[in-house]
Every structure is written in structure tokens, then in C-alpha cells.
Amino acid sequence: MKVSNCMTTDVQITDPEHTLRDVALMMGRLDAGVLPVGENDRLVGMITDRDIAIRGVAEGKGPDAKVRDVMSTDVKYCFDDEDVEDVLHNMGDLQVRRLPVLNRSKRLVGIISLGDLAMKGETMETGKALSGISQRGGAHSQTAH
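Note that this is a predicted model, so its numbers are computed, not measured.

Enquirer: Any chance you could break down the overall build of the chain for me, citing the residues and the numbers?
Expert: The helix and strand tally for the chain stands at 5 helices and 5 strands. When the helices and strands of the chain are read in sequence order from the N terminus, they spell out α-β-β-α-β-α-β-β-α-α. Buried residues in the chain amount to 40% of all 145 residues. For the chain, the accessible area works out to roughly 8,000 Å², and carbon and sulfur atoms hold 47% of it.

Below, the structure is given as C-alpha cells:
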């Protein structure tokens, strides 16, 4: 199965100059814990509710701090025409629960999550990925920054 068959396509994007308050409100409206960050029609980062808590609030940044100050800039992604099994393996290795999905022109076309993949019947591979993701530490750990 290809990523394009599983991904969420209705993706909201935030700007690096938006405030943490703006993004938190947006996440609440969308019932989402992550938003891609775009600038000049390019994906430049990702921000999660955990980024707001750990890199924002815990470090003394207030609600008017900018997304740019807490977002992850080392964005890992996948392509919409990749095989799901390959992406799940990469998610486990990278220790991430979701990835932005780009087309081959490097334009954001969706987000894929472990939940999306589990709902599409990829349960065994999703379980393996979750096992890798759940390992302590890793390059994308909040404590690594």
C-alpha cells in the first residue's frame, strides 16, 4: 500500500512568526497535537503540543513567544508514493509517530500517523514501529535539544 492511500490530506499549516498562543488555539480547534510550519511555500519545521510544553513553557517562554523559538527544524518526511512498510520502518528508526507527506515536487500534501496506518490494517508493522518509537531517547527526544 502507498502512503497516499493512508495519509490525512486536510492539513493546516502555521507560520514561524505565529505565537504559541495562536498555535495552541489552532491545535485545540483541530484536535491535533502537531502542525507543519511553512514559510515562503516551503515546509520549514514542525511544532507539537509537546514542543510548546517542553521547549516553551518549561523554559520560561510565554504565550507570545514565536513558533520559530520552539519548533523542530530537522524535519523528517516521507513521499506520497512510498510504500507504507518502508515508512513504518523509518518511523520506528526515527522514533516519530507522524511524518509530513510531500509529493516529489517537495510540496506538502498530507500527514501520516501511526493511527492512520493502524486504521488501514497495517497493525503488525505499526506495532513494530511503535516498539522502536517507544525506546527511550533518540535524536528527536525533547531532551536532545
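Enquirer: Account for the layout of surface pockets, with residues named and values stated.
Expert: Within this model, the second largest pocket holds a volume of roughly 310 Å³. Of all elements in the fold, only β1 (34-39) and β5 (108-113) reach the threshold of two or more residues within the lining of the second largest pocket. Looking at side-chain class alone, the lining of the second largest pocket contains 8 nonpolar, 4 polar and 4 charged residues.

Enquirer: Give a description of the pairing of strand β2 (residues 42-48) that names residues and reports values.
Expert: Bridge count for β1 against β2 is 6 bridges, and the pairing is antiparallel. Bridge pairing in β2 links Leu35 to Ile47. Between the end of β1 and the start of β2, which pair antiparallel, lie 2 residues, with Asn40 showing a positive phi angle near 55 degrees.

Enquirer: I'd love a proper account of the nonpolar core, names of residues and values included.
Expert: The biggest cluster of nonpolar side chains holds 14 residues, and the ones touching the most others in it are Val3, Cys78, Val87, Met91, Leu99, Ile112 and Leu117. Among the elements of the structure, α3 (84-94), β4 (98-102) and α4 (114-119) are those that each provide at least two residues to this core. Sort the elements by how many residues they give to this core and α3 lands first, with 4 residues. Once residues within four sequence positions are removed from consideration, Ile112 is found in contact with Val3, Cys6, Met7, Cys78, Val87, Met91, Arg97, Arg98, Leu99, Val101 and Leu117. Core analysis: the second largest hydrophobic core is formed by 12 residues, Leu20, Val37, Ile47 and Val67 among them.

Enquirer: An account of the sheet that holds β4 is requested, with residue identities and associated values reported.
Expert: What the 3 strands build is an open sheet, ordered β3-β4-β5; its pairing is mixed. The two strands at the open ends of the sheet, each matched to only one other strand, are β3 (78-79) and β5. As defined by bridge partners, β4 adjoins β5 across 5 bridges and the pair is classed as antiparallel. Across the sheet, the residue bridging to Leu102 is Leu108, located in β5.

Enquirer: Any details on the packing of helix α1 (residues 20-30) against helix α2 (residues 49-56)? Residues and values, ideally.
Expert: Where α1 contacts α2, the two axes come as close as 10 Å, and the packing angle between them is 150 degrees. Classified by the angle between their axes, α1 and α2 sit roughly antiparallel to one another. By crossing handedness, the relation of α1 to α2 is classed as left-handed. For the pair α1 and α2, contact is made by Leu20, Val23, Ala24 and Met27 and by Asp49, Ile52 and Gly56, respectively. Counted by class, the contact of α1 with α2 contains 5 nonpolar, 1 polar and 1 charged residues.

Enquirer: Any chance you could break down α1 for me, citing the residues and the numbers?
Expert: Taken residue by residue, α1 has Leu20, Val23, Met26 and Met27 as its buried positions. The buried residues of α1 occupy one face: seen down the axis, they fall within an arc of 125 degrees. Away from its buried face, by an angle of more than 90 degrees, α1 presents the exposed residues Gly28 and Arg29. Contacts made by the buried residues of α1 are with β1, β2 and α2.

What counts, and where the lines are drawn
Numbering of residues starts from 1 in every chain and runs along the sequence as written. Per-residue local features of the predicted model are confined to residues with pLDDT of at least 70, and side-chain atom pairs are confined, for both listing and counting, to 80 or more; whole-chain, interface and lining totals are unaffected and use all residues. To get the side-chain values, take all heavy atoms of the structure and skip hydrogens and water. Note on conventions: DSSP H or I runs of at least 4 residues are helices, E runs of at least 2 residues are strands, and numbering of each starts at the N terminus. Residue burial is assigned from relative accessible area. The probe radius is 1.4 Å, only protein chains are included, and a residue is buried under 20% of its type maximum, exposed over 50%, and partly exposed in between. Accessibility throughout is a Shrake-Rupley quantity obtained with a 1.4 Å probe, and a residue counts as covered only by protein chains that appear here. Cavities and pockets were defined on a 1 Å grid built over protein atoms only: a cavity is a set of grid points that admits a 1.4 Å probe from which the probe cannot escape, a pocket is an open set flanked by protein on both sides within 12 Å along at least five of seven lines, and lining residues are those with an atom within 4 Å of any such point. Grid points are joined across faces, edges and corners, and a volume is the space filled by probe spheres set on the points. Residues were grouped as follows: Ala, Val, Leu, Ile, Met, Phe, Trp, Tyr, Cys and Pro as nonpolar; Asp, Glu, Lys and Arg as charged; and all remaining residues, including Gly, as polar. Only when DSSP finds a minimum of two bridges between them are two strands counted as paired. Note on terminology: a nonpolar core comprises buried Ala, Val, Leu, Ile, Met, Phe, Trp, Tyr and Cys residues joined through side-chain atoms within 4.5 Å. We call two residues contacting when some pair of their heavy atoms lies within 4.5 Å. Axis geometry follows a simple rule: fit a line to the C-alpha atoms, using only the stretch in contact for helices, then measure angles between N-to-C directions, giving values from 0 to 180 degrees. Roughly parallel means an angle under 35 degrees; roughly antiparallel, over 145; roughly perpendicular, 65 to 115; everything else is oblique. A crossing counts as left-handed when the near helix is turned anticlockwise from the far one by less than a right angle, and as right-handed when that turn is clockwise. Note: the arc covers the axis-to-C-beta directions of the helix.

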